[in-house]
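One-letter residues, chain by chain:
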Amino acid sequence: MKKCLFFILLFPSLFAIAQTEAEIRNHYQEINKQITESKKESFEGPLYCNEWITNKNSKSWPAVGIFHETTDFWYDDSPDHLAPSDRNPRIVLVKVIVNRKSAELSTNEEYLYKNGKLVFFYSDEGEEGKEWETRVYFNANGMFKSSVKADGKELTAKDLTTEDYKDFKPNTLIILRNGKKYQDLFLKDML
């Protein structure tokens, strides 16, 4: 009887996680579709974009050399159109895309938000012919799934403990902190 009860309790929670991942994937695809449409249709598109460029002329930075960063803030409404008492201004930001070139390292990061909460993080980094990707899914309880690939190979939890790959293990605290930092920067600029 205890085993039966265990499985009854386990399967709904597994199903809930799968639904959450599917919802996040659908939301990601929908936002990317809206971004593509907004780029194509310009002022008629469904989303707005604020772009910040750091080191626009790519002048050499001390101790780094080449450095250039572009940050795109995609949002569906201006947070200052309505009073904060009428609407939470955090929920208008739907995605932040950061492209960075630093010496030989190229990094592309994406922070996906839904209802003001970070739900997905993606990073694609490359350096000296090596490439790695990180995907992290979040729900109300925190990270519930992550995936790391190095040079096209999916890394296991055991791989991420080895000397070669331990630096690739996602640090959810840093990801969440950076997601909040971008959200706060967006709001400070807009309000």
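This is a predicted model, so every value here is computed, not measured.

A. Representation of the layout of surface pockets within the structure. In this structure, the largest pocket encloses a volume near 300 Å³. Together, 18 residues line the largest pocket, and Glu109, Phe121, Ser123, Glu125 and Ile175 are the ones closest to its centre. Within the residue set of the lining of the largest pocket, elements represented by two or more residues are strand S4 (105-114), strand S5 (117-127), strand S6 (130-139) and helix H2 (172-190). It is S4 that provides the largest number of residues to the lining of the largest pocket, a total of four residues. Here the residues of the lining of the largest pocket sort into eight nonpolar, five polar and five charged. Lining of the second largest pocket is provided by 14 residues; of these, Gly116, Lys117, Leu118, Val119 and Leu176 occupy positions nearest its centre. By residue number, the principal contributor to the lining of the second largest pocket is H2, which donates four residues. The class makeup of the residues in the lining of the second largest pocket is six nonpolar, five polar and three charged.

B. View of the environment of Thr70. Structurally, Thr70 can be placed in strand S2 (residues 67-75). Expressed as a C-alpha distance, the spacing of Thr70 and Lys101, which sit 31 residues apart in the sequence, is 9.2 Å. Beyond its immediate sequence surroundings of up to four residues, Thr70 is in contact with Glu51, Trp52, Ile53, Ile97, Val98 and Asn99.

C. Region of the structure containing the environment of Ile31. Turning to its location among the elements, Ile31 is positioned in helix H1 (residues 2-41). Sequence-wise, Ile31 and Trp74 are 43 residues apart; in three dimensions their C-alpha atoms are separated by 9.1 Å. Setting aside chain neighbours within four positions, we find Ile31 in contact with Leu47, Val94, Lys95 and Leu112.

D. Seen up close, the sheet that holds strand S1 (residues 48-54). Strand order in the open sheet formed by eight strands is S1-S2-S3-S4-S5-S6-S7-S8, and the pairing between neighbours is antiparallel. Edge positions in the sheet fall to S1 and strand S8 (153-154), since each has one partner strand and no second. As paired elements, strand S7 (residues 142-150) and S8 share two bridges and run antiparallel to each other. Opposite Ala150, over in S8, you have Lys153 as the bridge partner. Docked against the sheet, H2 engages S1, S2, strand S3 (93-102), S4, S5, S6 and S7, running at close to 75° with respect to S4.

E. Spotlight on the pairing of S4. Here S3 pairs with S4 via eight bridges, running antiparallel. Bridge assignment links Lys101 to a residue of S4, and that residue is Ser106. Between the end of S3 and the start of S4, which pair antiparallel, lie two residues, with Ala103 showing a positive phi angle near 55°. The pairing of S4 with S5 spans 10 bridges and is classified as antiparallel. Bridging across to S5, Leu112 finds its partner in Phe120. Remark: two residues form the turn of the hairpin made by S4 and S5, two consecutive strands paired antiparallel; Asn115 in that turn has positive phi of roughly 55°.

F. Inspection of the pattern of salt bridges at higher detail. Across all of its chains, the model carries 11 salt bridges by this definition. Glu21 serves as the salt-bridge partner of Lys145, at 3.0 Å between the closest nitrogen and oxygen. Here Glu21 lies in helix H1 and Lys145 lies in strand S7, a separation of 124 residues in the sequence. When the shortest N-O distance is used, the salt bridge between Glu110 and Lys95 registers 3.1 Å.

G. Spatial organisation of unusual backbone geometry. Residues other than glycine seldom take positive phi values, yet Asn55 does so here, at roughly 60°. Tracing the sequence through the fold places Asn55 in the loop between S1 and S2. By relative accessible area, Asn55 is classed as buried at 16%.

Conventions we followed
- Residues numbered from 1 in each chain as written.
- Predicted model: local features only at pLDDT ≥ 70, side-chain atom pairs only at ≥ 80, totals over all residues.
- Heavy atoms only, no water.
- 1 Å grid on protein atoms, 1.4 Å probe; cavity = no way out; pocket = protein on both sides within 12 Å on 5 of 7 lines; lining within 4 Å.
- Points joined across faces, edges and corners; volume = space filled by probe spheres on them.
- Helix = DSSP H or I, 4+ residues; strand = E, 2+ residues; numbered from the N terminus.
- Nonpolar A, V, L, I, M, F, W, Y, C, P; charged D, E, K, R; others polar.
- Contact = heavy atoms within 4.5 Å.
- Pairing = 2+ DSSP bridges.
- Axes fitted to C-alpha atoms, helices over the stretch in contact; angles between N-to-C directions.
- Salt bridge = Lys/Arg side-chain N within 4 Å of Asp/Glu carboxyl O.
- Buried < 20%, exposed > 50% of the residue type's maximum accessible area, 1.4 Å probe, protein only.

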